[in-house]
Amino acid sequence: MTASGIYLDWNADAPVSDAAWSAYVEASQYFGNPSSLHGPGREAAKVLRDARERVGAAFGMPAESVIFTSGGTEADALALTGYLGGLSAGSVLVAEIEHPAILKNLEVLCEKQGLSLIRVPVSDAGVVYPEEVEKLLRDDTVLLSVMMASNETGVIQPINELAQLCRSRGVVMHTDAVQAVGRMPVLMSELGVHMMTISGHKFGALSGTGALIVEPGLSLQPFLTGGGQENGMRGGTENVAGAACMAAALEDLPSQTVLEAWASTRNQFEKAILDQCPDVQVIGGSEKRLANTSCIQFKGCPGDAVLMALDLEGLFVSTGSACSSGSVMPSPSLMALGISEEAAREYVRFSFPPKMSEQTLQTVIEKVLVVVQRMRTFGKL
Ligand code: PLP
């Protein structure tokens, strides 16, 4: 247990579920290297095979579509370098709001390989509309990457329509589903995308676990050469217990009923804040969003100051994305929504846990109202 308080930063890191932890401990007993031919090696290989099947099945995909990685960043990098690696011409489309694991990687990759990188604009609420993509598709477009749901606003993208558009134009589509898994139903077999990134620590498995799920038949260049593991795509001795932990977490995701209760907690929170606090704005409030995410601007209150004040009150929230907090740079993906730099510094992200009592919710609301009012009255914590 770390600092005590109310943890409202599930989009940065979610706790490990009991089921995932038990699976991890149990699978850790299989210490053999899955590539070894002896008994312990064969046992470990069996645990890994089983985990691969279950992870694939969780998304309606066959076992061979799963490439285990060390997390979301690596799976994103594998998708991009794996697919674009051999190309020296063509254009790549990417949503302006993507996580740095996509955007920064693509900037370097496209520059190095002479590919054109085209950013797809989003609406004021952060939606990537297929019509915008259509306008930017060219004969030489090879790839589109759009996240399934935003880590900052929770806004869900029309992945199905985007994938259909890509398929009709012979373009490969990747989606970063890191924030979506466990916060909305995700069935890759029905989405139409060619590649999908997942990250274990966002849905109850341990940090350092993740996967890229690839439609069978799509050819990728190896990402890490070495011992030929992961079907030659990603060398390195496999994290067998991590894979088993991820499979168990995926079988223990919140049910539809829990998802609805989760969204209702978030909605009650937003309603109370909007009703009782002037000059407040919720980003993407009118769009389809993840059940747990609320991105709120308290006008006149710097987000990092609100974060610190809430921390003192025992409420743990985030500003921008966790990867860039610690620096006071406003979030580029919020600014991609046309928000000014000053306003982008005023957003606070609340990402709720799946279950919260009415009493805890009231405490959260009261503390937020008190902190914001104090800051507006006295200009400090
Ligand atoms: N993609 C998105 C949308 C994320 O939110 C994150 C992490 O916050 C990542 C990728 C990176 O995942 P990981 O922390 O597993 O490397």
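Residues numbered from 1 in each chain as written. Predicted model: local features only at pLDDT ≥ 70, side-chain atom pairs only at ≥ 80, totals over all residues. Heavy atoms only, no water.

(A) Broad picture of the overall build of the chain. Summing up its helical and strand segments, the chain has 13 helices and 12 strands in all. What you see for the chain is a C-alpha radius of gyration of 21 Å, in line with the 21 Å of a compact globule of 381 residues. On the principal axes, the C-alpha backbone points of the chain span a range of 70 × 50 × 35 Å. Taken over 381 residues, the chain has a buried fraction of 56%. Long-range pairs, those at least 24 residues apart, make up 73% of the contacts in the chain with a sequence separation of at least 6. Put simply, the chain shows about 16,400 Å² of open surface, and 52% of that area lies on carbon and sulfur atoms. Across the chain, the 27 positively charged side chains and the 42 negatively charged ones have centroids separated by 2 Å. (Helix = DSSP H or I, 4+ residues; strand = E, 2+ residues; numbered from the N terminus. Rg over C-alpha atoms; globule rule 2.2 N^0.38 Å. Buried < 20%, exposed > 50% of the residue type's maximum accessible area, 1.4 Å probe, protein only. Contact = heavy atoms within 4.5 Å. Areas by Shrake-Rupley, 256 points an atom, 1.4 Å probe, with all protein chains shown as cover. Lys, Arg positive; Asp, Glu negative; His and termini not counted. Charge placed at Lys NZ, Arg CZ, Asp CG, Glu CD.)

(B) Local environment of the site of the ligand. Around the ligand lies a shell of 13 residues, among which Gly72, Thr73, Asp176, Ser199 and Lys202 are the nearest. Asp176 places a polar side-chain atom, nitrogen or oxygen, 2.6 Å from a nitrogen atom of the ligand. One nitrogen or oxygen atom from the side chain of Lys202 is found 2.7 Å from an oxygen atom belonging to the ligand. Look at the ligand: alone it shows 390 Å² of surface, and the protein chains cover 87% of it. The greatest single-element share of the shell around the ligand, amounting to 3 residues, is contributed by helix α3 (residues 72-84). Looking at the shell around the ligand, its residues break down into 2 nonpolar, 8 polar and 3 charged. (Near = heavy atom within 4 Å. Polar contact = N/O pair within 3.5 Å; in protein donor to acceptor, adjacent residues only side chain to side chain. Nonpolar A, V, L, I, M, F, W, Y, C, P; charged D, E, K, R; others polar.)

(C) Representation of the nonpolar core in the model. With 61 residues, the main nonpolar core has Phe59, Leu144, Met196 and Ile198 as its most contacted residues. In terms of residues, this core owes the most to one element, helix α8 (residues 240-250), which gives 6 residues. Excluding anything up to four places from it in sequence, Ile198 contacts Val55, Phe59, Gly71, Gly72, Val178, Val181, Phe203, Gly210, Ala211, Ile213, Met246 and Leu250. (Core = buried A, V, L, I, M, F, W, Y, C linked by side-chain atoms within 4.5 Å.)

(D) Structural detail: the sheet that holds strand β10 (residues 293-298). Pairing within the open sheet is antiparallel, and its 3 strands lie in the order β9-β10-β12. Looking at the sheet topology across the chains shown, the edges are occupied by β9 (280-282) and β12 (347-351). Taken over all neighbouring pairs, the strand axes of this sheet differ in orientation by 25° on average, direction set aside. Relative to β10, β9 runs antiparallel, the two sharing 3 bridges. Paired with Gln281 across the bridge in β10 is Gln297. Running at roughly 10° to β10, helix α9 (residues 256-276) makes contact with β9, β10 and β12 of the sheet. (Pairing = 2+ DSSP bridges. Axes fitted to C-alpha atoms, helices over the stretch in contact; angles between N-to-C directions.)

(E) Highlighting the packing of aromatic side chains. Counting across every chain of the model gives 5 aromatic pairs. Their ring planes at 80° and their centres at 6.5 Å tell us that Trp10 and Trp262 sit as a pair that is edge-to-face. Taken together, the residues span a long stretch of sequence, with Trp10 in the loop between β1 (6-7) and α1 (18-28) and Trp262 in helix α9 at a distance of 252 residues. Using a relative accessible area of 15% as the deciding quantity, one classes Trp10 as buried. Residue classification places Trp262 among the buried positions, given a relative accessible area of 1%. Ring centres of Trp21 and Tyr24 lie 5.7 Å apart, and the angle between their planes is 20°; on these two criteria the pair is classed as stacked. Residue Trp21 and its partner Tyr24 are both found in helix α1; the two are separated by 3 residues, about one turn of the helix. When its relative accessible area of 24% is taken as the criterion, Tyr24 is described as partly exposed. (Phe/Tyr/Trp six-rings, centres within 6.5 Å; stacked < 30°, edge-to-face > 60°.)

(F) Highlighting the pairing of strand β8 (residues 210-214). Most of β8 sits out of view: 5 of its 5 residues are buried. Burial along β8 is two-sided: Gly210, Leu212 and Val214 facing one way and Ala211 and Ile213 facing the other are all buried. Of the strand pairs in this sheet, strand β2 (residues 66-69) and β8 are connected by 4 bridges, and their pairing is antiparallel. Residue pairing across strands places Phe68 opposite Ala211, the latter belonging to β8. Of the strand pairs in this sheet, strand β7 (residues 195-199) and β8 are connected by 5 bridges, and their pairing is antiparallel.

(G) Just a nonpolar patch on the surface, in detail. Together, Val16, Trp21 and Val25 line one region of the surface with nonpolar side chains, adding up to about 260 Å² of accessible area. Overall, Trp21 belongs to the partly exposed group, its relative accessible area being 46%. (Patch = residues over 30% accessible without salt bridge, like charges linked within 9 Å, V, L, I, M, F, W, Y side chains within 5 Å. Salt bridge = Lys/Arg side-chain N within 4 Å of Asp/Glu carboxyl O.)

(H) Quick look at unusual backbone geometry. Of note in the backbone geometry, Asn231 takes a positive phi value of approximately 60° without being a glycine. In this fold, Asn231 is placed in the loop between β8 and α8. Taking relative accessible area as the criterion, Asn231 reaches 74% and is therefore assigned exposed. At Asp279, a residue that is not glycine, the phi angle is positive and equals roughly 55°.

(I) Here's a closer look at the packing of α3 against helix α4 (residues 100-113). Two elements in contact, α3 and α4, have axes separated by 10 Å at closest approach and are oriented at 25°. For the element pair α3 / α4, the angle class is roughly parallel. Where α3 crosses over α4, the handedness of that crossing is right-handed. Between α3 and α4, the contacting residues are Thr73, Asp76, Ala77, Leu80, Thr81 and Leu84 on the first element and Ala101, Ile102, Asn105, Leu106, Leu109 and Gln113 on the second. Residue composition of the contact of α3 with α4, grouped by class: 7 nonpolar, 4 polar and 1 charged. (Parallel < 35°, antiparallel > 145°, perpendicular 65-115°, else oblique. Left-handed = near helix turned anticlockwise from the far one by under 90°.)

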